[in-house]
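# Descriptive analysis of the structure
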Amino acid sequence: MLTAHDVVVGYPGAGPVLTGASLTLAPGRRVALLGANGSGKTTLLQCLAGALRPTSGAVALDGEPLAHTRAGLRAHRRRVQLVLQDPDDQLFSADVTQDVSFGPLNLGLDEAAARARTREALDLLGIAHLAGRPTHQLSYGERKRVTLAGAVAMRPDVLLLDEPTAGLDPAGVAELLAALAGLGAGMVIATHDVDLALAWADEVAVVVGGRVAQGPPGLLGDQVLLESARLRRPWTLELAARLGVGGTPRDLDEVVALIAEGARA
Ligand SMILES: Nc1ncnc2c1ncn2[C@@H]1O[C@H](COP(=O)(O)OP(=O)(O)O)[C@@H](O)[C@H]1O
Ligand SMILES: [Mg+2]
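This write-up is about the structure you can find in this document. Everything numeric in this text was worked out from a predicted model, so none of it was measured. Per chain, residues are indexed from 1 in the order of the written sequence. Chains carry letters from A onward and ligands carry numbers from 1 onward, assigned in written order. Per-residue local features are limited, in this predicted model, to residues with pLDDT of at least 70; the limit for side-chain atom pairs, both in listing and counting, is 80 or more; totals at the level of whole chains, interfaces and linings are taken over all residues.

## A short note on the site of ligand 1
Proximity of a residue to a molecule or strand is defined by its backbone-placed C-beta atom lying within 6 Å of that partner. Within the structure, ligand 1 sits among Tyr11, Ala14, Val17, Gly35, Asn37, Gly38, Ser39, Gly40, Lys41, Thr42 and Thr43. Examining the composition of the shell around ligand 1, we find that 3 residues originate from one element, helix 1 (residues 41–49), more than from any other. Side-chain classes follow a simple rule in which Ala, Val, Leu, Ile, Met, Phe, Trp, Tyr, Cys and Pro form the nonpolar group, Asp, Glu, Lys and Arg form the charged group, and the remainder, Gly included, forms the polar group. Partitioning the shell around ligand 1 into residue classes produces 3 nonpolar, 7 polar and 1 charged. Secondary structure elements are taken from DSSP: a helix is a run of H or I of four residues or more, a strand is a run of E of two residues or more, and numbering for both begins at the N terminus.

Below, the structure is given as structure tokens:
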């Protein structure tokens, strides 16, 4: 269980960004972290990852507060992996295998064990064929998957993914979601895609005014919350509301089922 409790963060010159943000990720759960551009999603992920130390408040893993010491951060990163929005901020090795095996080698695994972890991660993300490729030759979507493989190779309990679908084409998004579905880790995905959040997440967490409203995906039907967060209603909920069929359909199939049910009634 990973938690942020009453986290406060401000940047010099930018004023307060998070003013008491709390978030809970239970083991194996999928939380979509939503909010307008500049609302503080990335900032909160960085706090959860231990990459940024909040002014006040606490991040804890299984109830143990995160210690911002070398040992504390090292222990945290073994279990909690952050994947940055821009793969070019994360990739630094010449080729894919080197890059993905960097983390496992750094954990102290021997060459063979690190290679095995790397192969496993590349397989899980459907990019085994990229193993020997220079990273600079890859497409944006491929580079994004390589950075994700690097995190997966650490076999973390928690994956924190900053805008993992941004910049991907529709097929790329579908492939990424399919790959994520095969992982057992708890996940927080920061996104401003409300449709994706509703379809994918077990819970949503909406950043608004420096704080977080967390709850079931049906929270995305709350017009007042959405407006204050500068988000729109997911299309499935909009359509259901316009047709007067009610419910919280999460994808096309669920909308169609609700409409069919309405027609039978
Ligand atoms: N390193 C930084 N220095 C100064 N201001 C920053 C820095 N990082 C983020 N900010 C500001 O903090 C606010 C929240 O940023 P961010 O967490 O990146 O939001 P989001 O990911 O929701 O778009 C924005 O106003 C942004 O300009
Ligand atoms: Mg961001």
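Okay, back to it.
## What about the sheet that holds strand 7 (residues 158–162)?
In this description, strands pair whenever DSSP reports at least two bridges between them. Spatially, 6-7-8-3-9-10 is the arrangement adopted by the 6 strands of the open sheet, whose pairing is mixed. Each end of this open sheet is capped by a strand with a single partner; those strands are strand 6 (80–83) and strand 10 (211–215). Neighbour-to-neighbour, the strand axes of this sheet turn through a mean angle of 15°, independent of strand direction. For strand 7 and strand 8 (residues 186–191), the ladder comprises 5 bridges, and the chain directions are parallel. Of the residues in strand 8, the one forming a bridge with leucine 159 is methionine 187. Every angle, taken between N-to-C directions, lies between 0 and 180 degrees, and every axis is a line fitted to C-alpha atoms, over only the stretch in contact when it is a helix.

## A closer look at the pairing of strand 8
Exposed residues have 12 or fewer other C-beta atoms within 10 Å of their own C-beta, buried residues have 20 or more, and partly exposed residues fall in between, where C-beta atoms are placed from the backbone. In terms of residue burial, strand 8 counts as a mostly covered element, since 6 of its 6 residues are buried. In strand 8, alternate side chains face the same way, and those of Gly186, Val188 and Ala190 on one face and Met187, Ile189 and Thr191 on the other are all buried. Relative to strand 8, strand 3 (residues 30–34) runs parallel, the two sharing 5 bridges. Within strand 8, the position partnered with leucine 34 by the bridge is threonine 191. Seen with its strands pointing away from the viewer, a crossover is right-handed if its path from the first strand over the helix to the second goes clockwise. Between the parallel elements strand 7 and strand 8, the chain passes through helix 6 (residues 170–181) in a crossover that is right-handed.

These figures come from the coordinates and say nothing about function on their own.
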